There are 2 protein chains.
Amino acid sequence: MSEPEKSEDIPDESAGKGKGIPNGGNSAKSKEDYDLASIYVSDAQYNRNIYFDTSPQAVRLYLRYNHWIPQVLLFFFILVDLSLALFEEPAVVPLPSWATMLVELLCLLVFTIRLVHYAKVIPRDKFWKDPKNICIIVIVVLTLVDMIIYGALKATNCYGVRWSRVLRPLLLVNVTEGRQLRRAFRSIRNALPQIFYVFLLFMFSLLIFSLMALKLLGKRGLKTIDGAPYFTNYLEIVFDLYVLVTTANSPDVMMPAYNASFYFAIFFILYILINNYIFMSVFLAVVYNNYKKHLKEEIRQLVRAKRHKMVQAFAVLQEQREEGGEPVVSQADWNQIVRLVQPDISNAHRELLWSVSDNNNQGCIGKVAFVQLADLLNIEVITLKSRPHPLHGLCPALYLSAPSRLLCRLVQHRAFVIVYDLIILVNAVFIGLDETNPLIANSEWVFLALYLLEILMKLYVFEPRAFFSRHSFWNWFDTIIVISALIATIINATLTPSGNYTSRQILDIVFILRVLRLIRVVDSIKRFRTIINTLIRIGPAILTFGQLIIVVYYIFAMVGMELFKDKVKFYEDLSDPANLYCGNDQLKGTAFAQLNYCKNNFNNVVSSFILLVELTVVNQWHVLSSGFAAVTHKSARIFFVIFHIMVVIVIINIFVAFVLEAFFVEYSVEKSDLQTSLERKIEELELAVAQETLEDNLVNAMETIDNDQGTRQAANNKPALMFKIASKRYRTVDALLQRMFESDLDPEDFAENDDQTNFANPTFSSA
Amino acid sequence: MSEPEKSEDIPDESAGKGKGIPNGGNSAKSKEDYDLASIYVSDAQYNRNIYFDTSPQAVRLYLRYNHWIPQVLLFFFILVDLSLALFEEPAVVPLPSWATMLVELLCLLVFTIRLVHYAKVIPRDKFWKDPKNICIIVIVVLTLVDMIIYGALKATNCYGVRWSRVLRPLLLVNVTEGRQLRRAFRSIRNALPQIFYVFLLFMFSLLIFSLMALKLLGKRGLKTIDGAPYFTNYLEIVFDLYVLVTTANSPDVMMPAYNASFYFAIFFILYILINNYIFMSVFLAVVYNNYKKHLKEEIRQLVRAKRHKMVQAFAVLQEQREEGGEPVVSQADWNQIVRLVQPDISNAHRELLWSVSDNNNQGCIGKVAFVQLADLLNIEVITLKSRPHPLHGLCPALYLSAPSRLLCRLVQHRAFVIVYDLIILVNAVFIGLDETNPLIANSEWVFLALYLLEILMKLYVFEPRAFFSRHSFWNWFDTIIVISALIATIINATLTPSGNYTSRQILDIVFILRVLRLIRVVDSIKRFRTIINTLIRIGPAILTFGQLIIVVYYIFAMVGMELFKDKVKFYEDLSDPANLYCGNDQLKGTAFAQLNYCKNNFNNVVSSFILLVELTVVNQWHVLSSGFAAVTHKSARIFFVIFHIMVVIVIINIFVAFVLEAFFVEYSVEKSDLQTSLERKIEELELAVAQETLEDNLVNAMETIDNDQGTRQAANNKPALMFKIASKRYRTVDALLQRMFESDLDPEDFAENDDQTNFANPTFSSA
C-alpha cells in the first residue's frame, strides 16, 4: 500500500501515554467534525446502516439517538407493551381495561417520540422510503383505531376484540435496533419460494398416499382402537398422514391396518421413508442452502457499507501532510475518535491498536489502515494487569513466607482441581440420597464450607480483581452459587426449627443451587469446555432466534386466545370431576381429556405460550389440535397445521441451519487476518500471555485464565501489562456472521469501494 | 503436456469406423498384456482397490473374479443366508432345522469358494493382512462351530441359541463388493469419538436435570395420570427425561408438574431447549462435520489410487514412438482396452472418447491423456440415433400426409401435455369418488382408453426405440402402469360377474396402479422435476444407507428375538380377549396393551423389522420399551436405548448429513473439467443435441428427450447420430462422491502420483 513515507515531524504520542489531549493537535477540525467521524466509525463498528443527515444539529441528535438510555427505554416500553397481554382479558392478573389502555397509550407515545427523533436525524425522503418507519406508523395508528373502537364497544356493552394486539410483536422487528431480527426474517422470506415448491411436492405425495390409503384400507371395515371406522374419510386420512409426518401418531395410525395384514405395514413404512426421512431432509437442505446463499450476499453488502462509512469518516478527518501526497489521519485525531467511539477503552489498548494500524511508526495512517479501525475495535482484547496481590502489599513478609508460598503452589496444582472435582462428585451422590437423614442434611454444611474454603484459598492466591475479571465466567459462577446457597441454607435452617415453618420456595432454591454447583465439573474437562464454549459463543445468535420465536408465538397466542379462550377449562382443584372433561362436555371421552391436558389451553397468555412450546415439540399435537377442534370446529385444525408448518418446518430448520453453520465456522475458520496482525503486534511487543493458552484449539482460555495469572505472578519476570485476544468471542453477532463468510468475501472489495466512494467525500466534508 | 508431435505413420482408425480390429496394430503385446491393462483400467473406473497378482494366471482368475455372474451369485447367496431368518425358529414359515442348516452350509461353501478364489488372485501376504478376509474366515468358522453346538444341543434336546446369526449381515460388509457399505461404516466409526464427547456432555446434562427434577418434584406427592407416584425414583426420572429428548412422552411427562404449578413448566421448557434443540443440533453438526472431513480424505485417496492404476495400465501398454520421446499408447491398443473394459460401448461413443483424448489427432496419446480414460468411461454419454420412424419407412406417403403431420404437430404441442394433465386431475377426482357408483366404475374404462391412446399416439409420432430408450424413465413408467392397469382391470372385470367372486388382491393392485398413474403429473412441472431428479440421482447412495440400516436392523432383530420372542403374543382373531393383554398377564393395564400394540413383537424376523422401524420413527418407543421391560426385566430398556442411540442419533444423522451434502453438490457444483472437454468435443463435431436441453439448469433433460427428438425429426437437417452427456447422472456412487469433493482436490495430485509410481512401473510390466 502506498503510504506516505515522511512523517518524522509528527510528535510520537505513544510515548506520552496521551491522556486528555484537548481536541488533538490539529485545530483545523471542529468538535462537529469529530462527532461526525465518530458516528461514522461507530456505525461501521456496529453495522448500523442509517443514512443520517450530516448537518451538525442532526449529528448531535443522532448521537443522542444512539445513546444507550433511549435504546434501553425503547426496549423497556416494547416489553411493557408486549407484557400487557398478561393483564388484558383473558388475563393472568386481571386489570381494568382503562388501566392497560392507559399504559398502552404511554407506550405508543414513547414509540412515536422515538420515531420523531429518528425522523429528525435522517433526511425526509429517506424516512418515508423506509418500510420499517411506515410499519411503525401503521402499527401505532391501527392500535389507536382499535383502542377507540374497543372503548366505544365496551362503553355500549358490546363484544369487542382487541385485534391490534397481534401487531405488537412487529414493533420488535421494525425498530432500528431490530437489525438481527429483521435479517432472520429476511432469511426466512428468501427461503420461502424454494421451500414452497418442495412443500407442494410433499403435499402432492401426501395427497397421493392418502388416496391410496383410502382405496386400500377404506373398504375393509377396519376399526380404530376406539371403534371408529378406519381410513374412510379422505380429509381425515390426509390429516392423519400429515400427523404421521410429524411422527406424533406413529405407530398408532398404522396398527389397525397392520393388525389386519402385515403387507399394509409396507405402505406405511414407504410413506414414512419418503415423506418423513427424505422430504424432511430435503426441507432442511433447501432451507440451509438458501440460508447460506442469502446470508453470504447480505454479509457482503454489510462489509461494503462498513467500508464505505469508514471511508467517509476518513474523508472528514483526513489532512494533507505534504503537497500531492496521500491524505492521512494524524494520531491525535485518531485518538480523539477512538475515545469518542469507545469511551471505556484503556489507553494501553488504544495504543496497541494504533501501533497495529501505524505499523511503520509514522505518526499518521492512510486510508487503508484507517478503514481497519472498525474491525480492530470489534476484536476483543483483554488487558491483563499484572498487579501484586493486595496481601503482598499489606504484609509482604507473611505473604512471601514459606507456608504461604506452599499454599500458593498447592492451590495452583492440578491435583487441587482434581480433589475438588471429586468433592463435587461425592456431593452429587449426597444430594441424590434422602435429605431427611440428619447425617446427610448436615453434610450439606461440610460441602458448603469446603466450597467457601476453595474460593477463599483462590482469593488468597490470585489477585482478587483478576479473579473477578469480566471474563472469568466460572469464578463468578462459583462464587455467586456458593454464596447464594450459603444464604439460602442459613435462612432455611433458621426458619425450619422456629415454629415448624418450612418454606417450599426457599428449599427449592437451595436444591437448585446445590445441583447447579455440580455443573462446575464440566469446566475441568477440556473436551467439554470446548463444546460449551462453542455453545456460549453462538449464544447471542440463538437469542436472535429466541426473539423470532417470541414474535411468532405472540401472534399465534393472540389469535389462539381469541379463537379458543375458555373453551377448555382447568380447575385448580385436581379432584374436581369437571377436570375429567375439562369443563366442556364435548371433550368427554376424547384423548385430550383422558390424557388430562386441561391445562393446555389458550385461557391466558402464559398457558398459550406453554401450549405453543408443546406444539413446537410436536409430540401429541394431533391430540391437542383434535381437542381444540372438538370444542370449536374441525377447521380449527388449520390453525395448528399452519403453526406446525411455520414453526417446525421453517423456523426450526433455519435454527438448525444456523447452528450447523456456526459450528462449522467454529470448527474450521482460521483467525481473521486482522486478528493475526493484532496478535503479531502483541507478541512483537512481548506483551502476550503465554502462547499455550492461545494455542488451546477451540478452547477459549479466558475462563481458565486464573491459572496462568498465578504462574505468571510466581515467575514475576514479565511486564506488568499484558494483552490477550479473545479470539473466538465477538462483540456483535454481525462480526460473527462476517467471520462466517469472510473466506468467501472478495478481498478486492475494499479497493472497489474506495473508488466508488472517493467522489462522494466532498459532500460529507462540507460540515 | 509434452506429447510427441510426429504420428502421421499411424493409420487413422477413426475413418474406418474400426470394427473388430484383431488385437490392434501392435503385435508386440500379448493377450495377457491387454488383460492386465484392461483390469487396471476397469479397477480404476470402478474404484476397486485390489492388489492382485500380475502373473498371467492370476490375471485370468481375477478377470473371472470380477465377472458379473459370480458377483450376482455371491449376493444371491448372501441374500439366501440372511433370509434364512424367515424359516428358522422363531419362524414366519417354519422349516425343519436340518433344512435351514443345509442351506446355510451351502451358503458357507459358496462364501469359502469365493474367498479361495480371491486368495488365488492376490498375493498371499496381502490376503492375510486384509481384515475383511479375516473377518469372513472368522464368520464362517464361528457359524460352523455354532451349527455344530446347536446340532449337538438339539440332538440331546437341550435349549440352544443360534448366536452366530448375528454375524450374517457382517458378510455384506466384508465381501470385496461391499465397498460403499464399508465406507459408510468407516464414516460412522470416524465420527464416533466426537459424538462420544458430545454424548457424554448430553448425559451429564441429563443427569443434572434428573437430579434437579428429583429434588424439586419428588417430595411433592404428585401423581401421574394413572395414580403412580411422580418423579420419585432417580433412575426412572433419567429414563423419562431421556424419552423426553426423543419427544415421545411430551407433554405427558410434564403434565402432573404443570398441573401443580406453571413454574415447573419452565423447568421442562428449559430442558427441552437445551437437550432437545441445542444438543440434537450439535449432534447433527458434529456428525456432518466429521462426515465431510473424513469423506474428503477418503475420496482424495481414492483418486490417488485410481490415477496410480491408470499409470500402471499405461506402463503395460506404452510404446516408444521415437528415440528419447515420451512413451505413448497407440489408438489400436487403446481401442482394444476400451473394448475389453466396456464390451457394450458403441463404436461411435468409443471414437468420441478417443477424439477427446487425442485432441491433436496424433493417433496416439501420452500418459496424461491416458489417465483420463477411467473418468471418461464414467461419464455417461447418451448416443441418440436419429432413425426415421418405421412407419415412415413402411408407408412414407401416408406418414408424411397432411393429417399425419398435423397429428405429429398436435402430439408435440405443449397443449397436448396440458390436456393430459387435466385428464389426470379429473381422473384423480373420479378415483376419490365412490367406485360402487356404476357411472364412476365405467369411467375407469374411459380413462384407460385415453391413456392408451396417448401412448399409441406418442408411438406413432416418435421413433419407438427412442421412445423406449434406457433413459426415458417416464415413458417406461407410463406404459408399464397403463398396460398393467389394463390387464388387472380386465381380469377384475371378468372375474367379478362370474359367480360373485371379487379378488381383493387384484382390486388392490388395480387401485394402486390407478393412483400411481397420477404421479406422472409431477413430470410436467419443471420445478417438481428438478427436485425429483435430484432425489433420483442421490438414490443409489441412499441405497447404501439402506444396506447399512438393514445390517444394523438384522443384528438388533436377532438379539431382540432371542431376548423377547413369544413374550408378547398377537392373536389373529382380533376379538380374542387375550389380545387385551397380549397373552401375557404382566401387560394387563399397561399402555402397551391398551394401545393394542400386541403385533409389535419380536416373534419373527418380519415383525421384528417392522418394530425396529417403529422404534426408528421414535414416537411411542417408551411405551414399546416399557412393554417389553414389563414382560422381562427393567433392564430390557437398555436394549431400546442402545438402539435409539445407534440408529437415531448416529445413523439417521449421518443419513441427513449425506442428503444435505448431496443436495448442496447438486445445487452448486459445476460440471467437471473433463465433462466440459467432452462436451466441447461433441459440440465441435456438431453432434450435440440442441443446446437448450443441456442448459436446463438442474433439470436432466433426458426424461423429456422425446420432445426434442420429435422436433429434430421434423427438421431433419441434423446428423443421424447425436451425443448427449447425462451430466448429472453418474455410473457409480464413487463418481458422485468424487465430484462432491472435486473442487477441494489438489489439481497437482496427478503429477505427484506420476512421480511416485514411475519407479513402480517395471515390477508390473514384467508380465
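Procedures and definitions
Residues numbered from 1 in each chain as written. Chains lettered and ligands numbered in written order. Predicted model: local features only at pLDDT ≥ 70, side-chain atom pairs only at ≥ 80, totals over all residues. Heavy atoms only, no water. Contact = heavy atoms within 4.5 Å. Buried area = accessible area lost by both parts, 1.4 Å probe. Salt bridge = Lys/Arg side-chain N within 4 Å of Asp/Glu carboxyl O. Polar contact = N/O pair within 3.5 Å; in protein donor to acceptor, adjacent residues only side chain to side chain. Helix = DSSP H or I, 4+ residues; strand = E, 2+ residues; numbered from the N terminus. Nonpolar A, V, L, I, M, F, W, Y, C, P; charged D, E, K, R; others polar. Pairing = 2+ DSSP bridges. Phe/Tyr/Trp six-rings, centres within 6.5 Å; stacked < 30°, edge-to-face > 60°. Buried < 20%, exposed > 50% of the residue type's maximum accessible area, 1.4 Å probe, protein only. Lys NZ or Arg CZ within 6 Å of the ring centre and 35° of its normal. Least-squares fit on C-alpha atoms with pLDDT ≥ 70 in both. 1 Å grid on protein atoms, 1.4 Å probe; cavity = no way out; pocket = protein on both sides within 12 Å on 5 of 7 lines; lining within 4 Å. Points joined across faces, edges and corners; volume = space filled by probe spheres on them. Expected span 1.5 Å × (residues − 1). Axes fitted to C-alpha atoms, helices over the stretch in contact; angles between N-to-C directions. Left-handed = near helix turned anticlockwise from the far one by under 90°. Disulfide = S-S within 2.5 Å. Core = buried A, V, L, I, M, F, W, Y, C linked by side-chain atoms within 4.5 Å. Patch = residues over 30% accessible without salt bridge, like charges linked within 9 Å, V, L, I, M, F, W, Y side chains within 5 Å. Areas by Shrake-Rupley, 256 points an atom, 1.4 Å probe, with all protein chains shown as cover.

K.L.:
Can you help me understand the interface of chain B and chain A in this one?
P.N.:
With 89 residues of chain B in contact, the opposing surface of chain A contributes 89 residues. Buried surface at the junction of chain B and chain A, both sides included, amounts to about 8,400 Å², of which 71% is carbon and sulfur. The salt bridge partner of Arg220 of chain A is Asp508 of chain B, with a shortest N-O separation of 2.4 Å. Remark: the boundary between chain B and chain A carries 20 residue pairs in polar contact (both at pLDDT 80 or more). Element by element, the count of residues in the side of chain B that touches chain A is highest for helix H11 (residues 263-317) of chain B, at 13 residues. Taken together, the residues that form the side of chain B that touches chain A break down as 59 nonpolar, 18 polar and twelve charged.

K.L.:
Mind showing me how you'd approach the sheet that holds strand S1 (residues 319-320) of chain A here?
P.N.:
Adjacent strands of a sheet pair through backbone hydrogen bonds, lying either parallel or antiparallel. Residue and element names in this part refer to chain A. Ordered by their spatial adjacency, three strands build an open sheet running S1-S2-S3, and the pairing between neighbours is antiparallel. In this open sheet, the two edge strands, each paired with only one partner strand, are S1 and strand S3 (364-365). Taken together, the two bridges between strand S2 (residues 327-330) and S3 define a ladder with antiparallel strand orientation. In the strand pairing of S3, Ser330 is matched with Cys364.

K.L.:
Even after reading the chapter, I still don't get the packing of aromatic side chains, so can you show me in this structure?
P.N.:
Aromatic rings in a pair are described by how distant their centres are and how their planes are angled relative to each other. Evaluation of the coordinates by the stated rule reveals 92 aromatic pairs over all chains. With a centroid separation of 6.1 Å and an interplanar angle of 80°, the aromatic rings of Tyr291 of chain A and Phe658 of chain A are classed as edge-to-face. With Tyr291 of chain A in helix H11 (residues 263-317) and Phe658 of chain A in helix H30 (residues 636-668), the pair connects residues that are 367 residues apart, well separated along the chain. Take Tyr291 of chain A and Phe658 of chain A: they sit in the same class, and that class is buried. A ring pair is formed by Tyr242 of chain B and Trp621 of chain B, whose centres lie 6.0 Å apart and whose planes are at 85°; its orientation type is edge-to-face. Note that Tyr242 of chain B is positioned in helix H9 (residues 234-245) and Trp621 of chain B in helix H29 (residues 621-631), a separation of 379 residues in sequence. Taken individually, Tyr242 of chain B and Trp621 of chain B each receive the classification buried, so the pair is uniform in this respect. Cluster of aromatic residues (ring-pair linked, three or more members): Tyr553, Tyr554, Phe556, Phe564, Phe592, Tyr597, Phe602, Phe609, Phe628, Phe639, Phe640 and Phe643 of chain A. The ring centre of Tyr258 of chain B lies 4.9 Å from the NZ or CZ of Lys599 of chain A, which sits over that ring.

K.L.:
Explanation requested: the side chain of Ser357 of chain A in the structure shown.
P.N.:
Residues and elements named next belong to chain A. Relative to the elements of secondary structure, Ser357 occurs in helix H13 (residues 347-357). On the basis of relative accessibility, which here comes to 8%, the residue Ser357 falls in the buried class. Setting aside chain neighbours within four positions, we find Ser357 in contact with Trp334, Ile365, Ala369 and Leu376.

K.L.:
Sorry if this is basic, but what is going on with the sheet that holds strand S2 (residues 327-330) of chain B here?
P.N.:
In spatial order, the strands read S1-S2-S3 (chain B); together these three strands make up an open sheet with antiparallel pairing. The two strands at the open ends of the sheet, each matched to only one other strand, are strand S1 (319-320) and strand S3 (364-365) of chain B.

K.L.:
Hey, could you run me through the relation of the copies chain B and chain A in this one?
P.N.:
Put simply, the two copies of the chain differ by a rotation about an axis and a shift along that axis. Of the two same-sequence chains, chain B is brought onto chain A (RMSD 0.1 Å, axial shift 0.1 Å) by a rotation of 180°. Here the two chains are linked by the operation of a two-fold rotation axis. An overlap of 100% is found between the interface residues of chain B and their copies at the interface of chain A, pointing to a shared contact surface.

K.L.:
Help me understand empty space enclosed by the protein, please; the structure alone is not making it clear to me.
P.N.:
Remark: the empty space left among the atoms is shown by a probe the size of a water molecule rolled over them. This model, assessed by the stated rule, comprises 18 cavities of 30 Å³ or more. What lines the largest cavity is a set of 36 residues, among which Asn276, Met280 and Ile652 of chain A together with Asn276 and Met280 of chain B lie closest to the centre. Of all the secondary structure elements, the ones that give two or more residues to the lining of the largest cavity are H11, helix H28 (605-617) and H30 of chain A together with H11, helix H28 (605-617) and helix H30 (636-668) of chain B. Among the residues making up the lining of the largest cavity, the classes are represented as 20 nonpolar, 16 polar and no charged.

K.L.:
Quick question: what am I supposed to make of helix H26 (residues 539-564) of chain B here?
P.N.:
Helical periodicity: at 3.6 residues per turn, an α-helix aligns residues three or four positions apart in one direction. Helix length check: H26 of chain B (26 residues) gives 35 Å between terminal C-alpha atoms against 38 Å at 1.5 Å per residue, within 8%. Positive backbone phi, approximately 60°, marks Asp566 of chain B, located one or two places after H26 of chain B.

K.L.:
Would you mind going over the packing of helix H19 (residues 414-432) of chain B against helix H23 (residues 504-518) of chain B with me for this structure?
P.N.:
A packed helix pair is summarised by two numbers, namely the angle formed by the two axes and the spacing between the axes. Residue and element names in this part refer to chain B. Two elements in contact, H19 and H23, have axes separated by 9 Å at closest approach and are oriented at 145°. With respect to the hand of their crossing, H19 and H23 are arranged in left-handed fashion. Contacts between H19 and H23 involve Ile424, Asn427, Ala428 and Ile431 from the first element and Arg514, Val515, Arg517 and Leu518 from the second.

K.L.:
What exactly am I supposed to notice about the state of the cysteines here?
P.N.:
Each disulfide consists of one covalent bond between the sulfur atoms belonging to two cysteines. Residue and element names in this part refer to chain A. As enumerated under the stated definition, the model contains two disulfides over all chains in all. Disulfide pairing places Cys582 opposite Cys598 at an S-S distance of 2.1 Å. Its S-S torsion of about -75° marks the bond between Cys582 and Cys598 as left-handed, since a negative value means left-handed. Taken together, the residues span a long stretch of sequence, with Cys582 in the loop between helix H26 (539-564) and helix H27 (591-594) and Cys598 in the loop between H27 and H28 at a distance of 16 residues. Residue Cys582 is classed as buried on the basis of its relative accessible area, which comes to 0%.

K.L.:
Could you clarify how one ought to interpret the nonpolar core in this entry?
P.N.:
In summary, soluble globular proteins display a tendency toward joint burial of nonpolar side chains. Counting 417 residues, the largest nonpolar core has Phe268 and Phe370 of chain A together with Phe268 and Phe370 of chain B as the members making the most contacts within it. Those residues within four positions of Phe268 of chain A in sequence are excluded, and the remaining contacts are Leu217, Tyr230, Phe231, Leu241, Leu244, Val253, Met254 and Ala257 of chain A. With nine residues, the next largest nonpolar core counts Leu448, Ala485, Ile506 and Val510 of chain B among its residues.

K.L.:
Explain unusual backbone geometry to me, please; I cannot follow it from the model alone.
P.N.:
Excluding glycine, residues mostly have negative phi values, and the peptide bonds linking residues are mostly trans. Going from Glu89 of chain A to Pro90 of chain A, the amide bond is cis rather than trans, its omega being -10°. Position of Pro90 of chain A relative to the elements: it lies in the loop between helix H3 (68-83) and helix H4 (97-121). The phi dihedral of Asn157 of chain B is positive, around 60°, even though this residue is not glycine. Take Asn157 of chain B: it is sitting in the loop between helix H6 (131-155) and helix H7 (168-174). With relative accessibility at 72%, the residue Asn157 of chain B sits in the exposed group. One non-glycine residue, Asn596 of chain B, adopts positive backbone phi at about 65°. Examined against the element boundaries, Asn596 of chain B turns out to sit in the loop between helix H27 (591-594) and H28.

K.L.:
Looking at this structure, how should I read a nonpolar patch on the surface?
P.N.:
Residues and elements named next belong to chain A. On the surface, Trp128, Ile134, Val138, Val141, Leu142, Val145, Ile149, Tyr159, Val161 and Trp163 cluster together into a nonpolar patch covering about 870 Å² of accessible area. Ranked by residues supplied to the nonpolar patch, first place goes to helix H6 (residues 131-155) with six residues. Exposure remark for Val161: the relative accessible area of 30% places this residue in the partly exposed category.

K.L.:
Sorry if this is basic, but what is going on with the packing of helix H18 (residues 402-412) of chain A against helix H20 (residues 438-461) of chain A here?
P.N.:
Residues and elements named next belong to chain A. Two numbers describe how H18 lies on H20: the axes approach to 10 Å, and their chain directions differ by 115°. For the pair H18 and H20, the sense of crossing is left-handed. Side by side, H18 and H20 meet where Ser404, Leu407, Cys408, Val411 and Gln412 of the first sit next to Met457, Lys458, Tyr460 and Val461 of the second.

K.L.:
Can you walk me through H13 of chain A in this structure?
P.N.:
The element H13 of chain A is extensively covered by neighbouring structure, given that nine of its eleven residues are classed as buried. Of the residues making up H13 of chain A, those classed as buried are His349, Arg350, Glu351, Leu352, Leu353, Trp354, Ser355, Val356 and Ser357 of chain A.

K.L.:
Mind showing me how you'd approach the pairing of S2 of chain B here?
P.N.:
Regular strands have side chains that alternate between both faces of the sheet. Residues and elements named next belong to chain B. Direction of pairing for S1 relative to S2: antiparallel, over a ladder of two bridges. Note that in S2 the partner of Glu319 across the bridge is Val328. Linking two consecutive strands that pair antiparallel, namely S1 and S2, is a turn of six residues; a positive phi of about 75° is found at Gly324 within it.

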